[in-house]
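What the coordinates show
Residues per chain, in single letters:
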Amino acid sequence: MGKVVIEFETNYNAGDVVIFEKNDRLMVGIIEGYYVDDHIFWFNIRVSSRCVYTYSNGGDIGEHDIIGKVSEDLKEECIKQIKSMH
């Protein structure tokens with residue numbers, strides 16, 4: 001039996017707070033997970049305590065939509081705000 005391993009690299013991990021573009025707006029969210037399809041990373045990103053953008057709800061946020069990570073000194077404050085938003 002053979003085994004094929006394909007390795008992909010991304011700049012972002014679960015737990016990162018990122019700025020991304022969605023519906024012509026800039027948004028801030030926490031990456032909760034991701035998957036690879038057609039060699040593109042697609043991310044599940046939490047933007048409030050009740051909303052996580054995923055494939056199933058039209059999130060479709062690819063690595064190409066992410067502008068960058070929020071710096072460490074602002075990360076914790078962003079997480080508090082995101083988790084408390086309704």
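Data block above holds the structure.
Residues numbered from 1 in each chain as written. Predicted model: local features only at pLDDT ≥ 70, side-chain atom pairs only at ≥ 80, totals over all residues. Heavy atoms only, no water.

Topologically, cysteine 51 is positioned in the loop between strand 3 (40-46) and strand 4 (52-53). In this structure, the C-alpha to C-alpha distance between cysteine 51 and serine 84, residues 33 residues apart in sequence, is 11 Å. If sequence neighbours within four positions are ignored, cysteine 51 has contacts with Ile45 and Arg46. (Helix = DSSP H or I, 4+ residues; strand = E, 2+ residues; numbered from the N terminus. Contact = heavy atoms within 4.5 Å.)

Looking now at the packing of aromatic side chains. Tallied over the full model, the rule gives six aromatic pairs. Here phenylalanine 8 and phenylalanine 41 contribute two aromatic rings whose centre-to-centre distance is 6.5 Å and whose plane-to-plane angle is 90°, an arrangement assigned as edge-to-face. Remark: phenylalanine 41 occurs in strand 3 and phenylalanine 8 occurs in the segment before strand 1 (17-22); sequence separation between them is 33 residues. What makes phenylalanine 8 partly exposed here is its relative accessible area of 33%. Ring centres 5.8 Å apart and planes at 50° place the aromatic pair tyrosine 34 and phenylalanine 43 in the tilted group. Among the residues examined, tyrosine 34 registers a relative accessible area of 39% and is labelled partly exposed. On the basis of relative accessible area, phenylalanine 43 is assigned to the buried category, the value being 1%. A network of ring pairs unites the aromatic residues Phe8, Tyr12, Tyr34, Phe41 and Phe43 as a single cluster. Note that lysine 22 overlies the ring of tyrosine 53, its terminal NZ or CZ placed 5.7 Å from the centroid. (Phe/Tyr/Trp six-rings, centres within 6.5 Å; stacked < 30°, edge-to-face > 60°. Buried < 20%, exposed > 50% of the residue type's maximum accessible area, 1.4 Å probe, protein only. Lys NZ or Arg CZ within 6 Å of the ring centre and 35° of its normal.)

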